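Each chain, letter by letter, is given below.
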Amino acid sequence: MSSNRSTEQDNQKALLSSNAFFKKKYWFLIIAVATVILLLFTINVGKKIVIEDLQTGNILWQEEVERGDWFSHRYIHSVEKSPVIEKFKVNHDWEILTMESWTKSFGAGLPYEDKGDVEMKDGYFVIQDLNKPVFGGELKFQPSELYPHTFRFKDKEVTFSEPPYSETKILVDIQNATIWDRIKGLF
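I will try to describe carefully the structure that is included in this document. (Residues numbered from 1 in each chain as written. Predicted model: local features only at pLDDT ≥ 70, side-chain atom pairs only at ≥ 80, totals over all residues. Heavy atoms only, no water.)

**What to know about the pairing of strand E2 (residues 59-65)**
Part 1: Direction of pairing for strand E1 (residues 44-53) relative to E2: antiparallel, over a ladder of 6 bridges. Residue pairing across strands places Lys47 opposite Val65, the latter belonging to E2. (Pairing = 2+ DSSP bridges. Helix = DSSP H or I, 4+ residues; strand = E, 2+ residues; numbered from the N terminus.)

**Focus: the pattern of salt bridges**
Part 1: Enumeration over the complete set of coordinates arrives at 6 salt bridges.
Part 2: For Lys156, the salt bridge identified is with Glu63, shortest N-O distance 3.8 Å. Residue Lys156 is found in strand E11 (residues 156-159), and its partner Glu63 is found in strand E2; the two are separated by 93 residues along the sequence.
Part 3: Looking at Lys156, the relative accessible area reads 34%, which means it is partly exposed. (Salt bridge = Lys/Arg side-chain N within 4 Å of Asp/Glu carboxyl O. Buried < 20%, exposed > 50% of the residue type's maximum accessible area, 1.4 Å probe, protein only.)

**Some thoughts on the packing of aromatic side chains**
Part 1: Tallied over the entire structure, the rule returns 8 aromatic pairs.
Part 2: When the ring of Phe71 is compared with that of Phe88, the centres are 5.3 Å apart and the planes differ by 25°; the resulting orientation is stacked. Note that Phe71 is positioned in strand E3 (residues 70-76) and Phe88 in strand E4 (residues 83-90), a separation of 17 residues in sequence. The pair formed by Phe71 and Phe88 is uniform in burial state, with each residue classed as buried.
Part 3: Considering the side-chain rings of Phe160 and Tyr165, the 5.7 Å spacing of their centres and the 40° angle between planes classify their relative orientation as tilted. Neither residue differs from the other here; Phe160 and Tyr165 are each classed as buried.
Part 4: Ring pairs connect the aromatic residues Trp61, Phe71, Phe88, Phe141, Phe151, Phe153, Phe160 and Tyr165, which therefore count as one cluster.
Part 5: One Lys or Arg, Lys104, reaches over the ring of Tyr124 and ends 4.6 Å from the middle of that ring. (Phe/Tyr/Trp six-rings, centres within 6.5 Å; stacked < 30°, edge-to-face > 60°. Lys NZ or Arg CZ within 6 Å of the ring centre and 35° of its normal.)

What follows is the structure, encoded as structure tokens:
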């Protein structure tokens, strides 16, 4: 019986030292690679402004954003049939603030309250210095192909009135940027 036990122990030792199971160094390598991948997707290295499809969550456009950056959108008001420009700023707490509203007229759905400073510029009534956080911290649009609608951030312009943005419920939001986002931005 002792020879059976000895044989069984020898078999177990052989099994443990063979390639049947990964050696410790392979387990270490697997854990290290998994950790690096996890870090790529979870460590925040900044913020990004994101345009996404509100229904599917698919990101349609994104760019890194800094505190103090401005962006705007320009559209034709569906009732007044006049151009509207709204300008926004990202504040120190990463909130989106409505800063300016440019309109050619006042009417249905257009700003008229006595807030901010009002002046005329290039035929527009410009309400400035609003510093008003957007409701819910994000902007929602449903652009149409019927009227021009653009979004501008720094030197980039996105045409909301064309696919894939048109006829899509759009969310504009500030989100965390990861190392992976930076890597994707290089390509």
